[in-house]
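Examination of the molecular architecture
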Amino acid sequence: MFLRILLVLLFLAAMIGGLAFMKFQQIQGEMAMSSQPMPPSSVSAVEVEAMSWQPRLNAIGNVQAVQGVMVNNQVAGQVERILFESGDMVTAGQALVQLDTEVDEADLAGLVASLDLSETQLKRNQKLLKDRAVSQGDFDEISAQVSQAKAQVQSKQALIEKKTLRAPFDGQLGIRRVNLGQFLAAGSAIAELEALDPVYVDYSLPERHLAKLSPNQAVQIRVSAYPDRVFDGRITAISPAVDRQTRNVRIRALFQNPDRLLRPGMFAKVETLLPRKDRVMTLPRQAVTFNTYGDAVFVIEEQAPKETGDQAQAGDQAEAGAQPRLVAQRRQIDTGDVRGDQVEVLDGLSEGERVVSAGQVKLRNGVEVVIVDDPVANTEGGAGSGSGSG
């Protein structure tokens, strides 16, 4: 019995000793690994560039026709002829619709006959007045009748003329809204007419930009219908007042539109061009980490190689021309406008400094890095979240 207990105790002691030895070996391995330097992190890098920069004020606007109306009739009447088709290009004064004038022309004939009779009586009374065969009062009455008859004839002629509906200006017609034989009340819609060359673009900018605006300033727009095309125009008018609700100032720009690509009602992305800046420091957008605490980048700095403690070996490295270490240092910067993929750097960097463009996520201050040429490497290290100010 005693021998059996002794064997069990010896077995347990051997097991505990084995486990303790394994744990000792594990701790020794971890200590050895921690004493070795971490391998450099692979990153991609770009240099801060100085370039000529065209500042822009971005806004949203709407295309407006220089002239645009709904053609309608001033007087009532029945449609006798339609002289246009939907979408036609017309010139000022071109006849569009003819209303029935048969009754009016008959009335005009009667008024003209009355006018002729009144003028004949007036001529007869002029001769009699010289011989004092009629009184001055009778002559004046006949003269007034002639004037009244002339006015009635002119009124009827004007009414007949108004029954021929004409284009008030050059432009393009919209969809026809009337049919032959239809009776039109005064003010009925006939068709839209828009002057498409040139066109206006109306938009707004915050009042803080008012000092940067002036008439004849260059403006560019893009529209969804032609995403690859830029349309150039000029500011023609700036509102004299600032909107009390939005604190924005209204602006109107004029655009030549010979191809009639811009149409009234189009949504436009507007860029008002400001004076060009020379030698603006810029970086690719992915190199900047944007957050609410400020924008930052990792700048790559060169440092001397680490000494090994062996002076002979250090001397051999110096003779062999050992390469300096590359270390990433986090730095706060001030950013400005964004142009496509480029961000303007206002402060914090100098031209030619190298900045990490990919691989930032795994970096910390002072970590050693190695630059790789492939920008796709370490794609998990993209720029931080957020977007730059425009």
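Throughout, residues of each chain are indexed from 1 in the direction in which the sequence is written. Local features in this predicted model are restricted to residues whose pLDDT is 70 or higher, and side-chain atom pairs enter the listing and the counts only when it is 80 or higher, whereas totals over whole chains, interfaces and linings include all residues. Side-chain measures were taken over the full set of non-hydrogen atoms in the model, leaving aside hydrogen atoms and water.

Observations regarding the overall build of the chain
We apply this condition: Strands here are runs of E lasting at least two residues and helices are runs of H or I lasting at least four, both read from the DSSP assignment and numbered beginning at the N terminus. Burial status follows relative accessibility: with a 1.4 Å probe on protein chains alone, a residue under 20% of its type maximum counts as buried, one over 50% as exposed, and anything between as partly exposed. Note on contacts: a residue pair is in contact if any heavy atoms of the two residues lie within 4.5 Å. Here the Shrake-Rupley method, with its probe set to 1.4 Å, supplies the accessible areas, and only the displayed protein chains count as covering residues.
For the chain, the count of helices and strands is 4 helices and 20 strands. Buried positions account for 32% of the 390 residues belonging to the chain. Of the contacts made within the chain by residues no fewer than 6 positions apart, 77% connect residues no fewer than 24 positions apart. Carbon and sulfur atoms make up 52% of the accessible area of the chain, which totals about 23900 Å².

Quick look at the sheet that holds strand 9 (residues 183-184)
Selection criterion: DSSP bridges decide pairing: two strands pair if at least two such bridges lie between them.
The strand order across the open sheet formed by 4 strands is 7-6-4-9, and the pairing between neighbours is antiparallel. Of all the strands in the sheet, just strand 7 (164-166) and strand 9 have a single pairing partner and so form its edges. Two strands pair when backbone bridges link them, and strand 4 (residues 77-82) and strand 6 (residues 95-99) are joined in this way by 3 bridges, in the antiparallel orientation. Considered in strand 6, the bridge of I82 is made with V97.

Regarding the pattern of salt bridges
Selection rule: For salt bridges, the criterion is a side-chain nitrogen of Lys or Arg within 4 Å of an Asp or Glu carboxyl oxygen.
Evaluation of the coordinates by the stated rule reveals 9 salt bridges. The salt bridge involving R56 is made with E271; its shortest N-O contact spans 2.7 Å. With a gap of 215 residues between them, R56 in strand 3 (residues 56-72) and E271 in strand 14 (residues 267-273) connect regions that are remote in the sequence. Its relative accessible area of 18% is what places R56 among the buried residues. Classification of E271 by relative accessible area gives buried; the value is 18%. Taking the shortest distance from any N to any O, the salt bridge between R222 and E271 comes out at 3.4 Å. Of the two residues, R222 sits in strand 11 (residues 218-223) while E271 sits in strand 14, which places them 49 residues apart along the sequence. Each of R56, R222 and E271 takes part in a single network of salt bridges with overlapping partners.

Some remarks on the environment of L346
Within the secondary structure layout, L346 lies in strand 18 (residues 342-347). With relative accessibility at 52%, the residue L346 sits in the exposed group. The spacing of L346 and T335 is 11 residues in sequence and 5.4 Å in space, taken between C-alpha atoms.

Examining the side chain of T282
For T282, the position within the fold is in strand 15 (residues 277-284). When near neighbours in sequence (up to four residues on either side) are disregarded, T282 contacts V48, E49, M51, W53, Q342, V343 and V345.

Structural notes on the environment of K156
Within the element layout of this structure, K156 appears in helix 3 (residues 136-162). The exposure class of K156 is buried, given its relative accessible area of 16%. Between the C-alpha atom of K156 and that of A109, which follows or precedes it by 47 residues, the distance is 9.8 Å. Those residues in contact with K156 that sit more than four places away from it in its chain are D104, D107, L108 and L111.

Some points on a nonpolar patch on the surface
This is how it is decided: The patch calculation keeps residues exceeding 30% relative accessible area without a salt bridge and links them within 9 Å when they carry like charges or within 5 Å when they are nonpolar (Val, Leu, Ile, Met, Phe, Trp, Tyr).
A cluster of nonpolar side chains, I5, V8, L9, F11, L12, M15, L19 and M22, forms an exposed patch at the surface whose accessible area comes to about 810 Å². Relative to the assigned elements, L12 resides in helix 1 (residues 2-34).

Thoughts on the side chain of E344
By secondary structure assignment, the location of E344 is in strand 18. Not counting the four nearest positions on each side in its chain, E344 is found in contact with W53, K277, V280, M281, D334, T335, G336 and D337.

Here's the deal with the nonpolar core
What counts is decided by this rule: Joining through side-chain atoms within 4.5 Å is the link that ties buried Ala, Val, Leu, Ile, Met, Phe, Trp, Tyr and Cys residues into a set, and such a set is a nonpolar core.
If you look at the biggest cluster of nonpolar residues, it comprises 23 residues, and the most contacted ones within it are Y203, V219, I221, F255 and L262. Listing elements by their share of this core, those giving two or more residues are strand 3, strand 10 (189-206), strand 11, strand 12 (226-242), strand 13 (248-255) and strand 14. In contact with I221, not counting residues within four places along its chain, are V201, R229, V230, F231, F255, L262, A268, K269 and V270. Membership of the second largest hydrophobic core comes to 17 residues, among which are V90, L99, I190 and A191.

Topic: the confidence of the model for the chain
Filter applied, for reference: Known as pLDDT, the predictor's confidence for each residue is given on a scale from 0 to 100.
On average, residues of the chain carry a pLDDT of 79, and 82% of them reach 70 or more. Looking over the chain, one finds the lowest element-wise mean pLDDT in helix 4 (residues 311-320), namely 48, and the highest in strand 13, namely 94. Note on residues 310-314: pLDDT under 50 across the span, and 1 contact to partners over four residues away in sequence or across chains. Note that residues 375-390 has pLDDT below 50 and, in this model, 36 contacts with residues that lie over four places away or in other chains.

Some remarks on the pairing of strand 13
Burial of strand 13 is one-sided: the residues V249, I251, A253 and F255 facing one way are buried, the residues N248, R250, R252 and L254 facing the other way are not. Direction of pairing for strand 10 relative to strand 13: antiparallel, over a ladder of 8 bridges. Directly across from V201, in strand 13, lies its bridge partner A253. Looking at chain direction, strand 12 and strand 13 are connected through 6 bridges and run antiparallel. Bridge pairing in strand 13 places I235 opposite A253. Taken together, strand 12 and the strand that follows it, strand 13, pair antiparallel across an intervening segment of 5 residues, in which R247 is found at a positive phi of about 60°.

With respect to the environment of Q67
For Q67, the location among the structural elements is in strand 3. Classification of Q67 as partly exposed rests on a relative accessible area of 39%. Through-space distance from the C-alpha of Q67 to that of A195 is 5.3 Å; in sequence the pair is 128 residues apart. Sequence-distant contacts of Q67, that is, excluding residues within four places in its chain, are made with F169, L193, E194 and A195.

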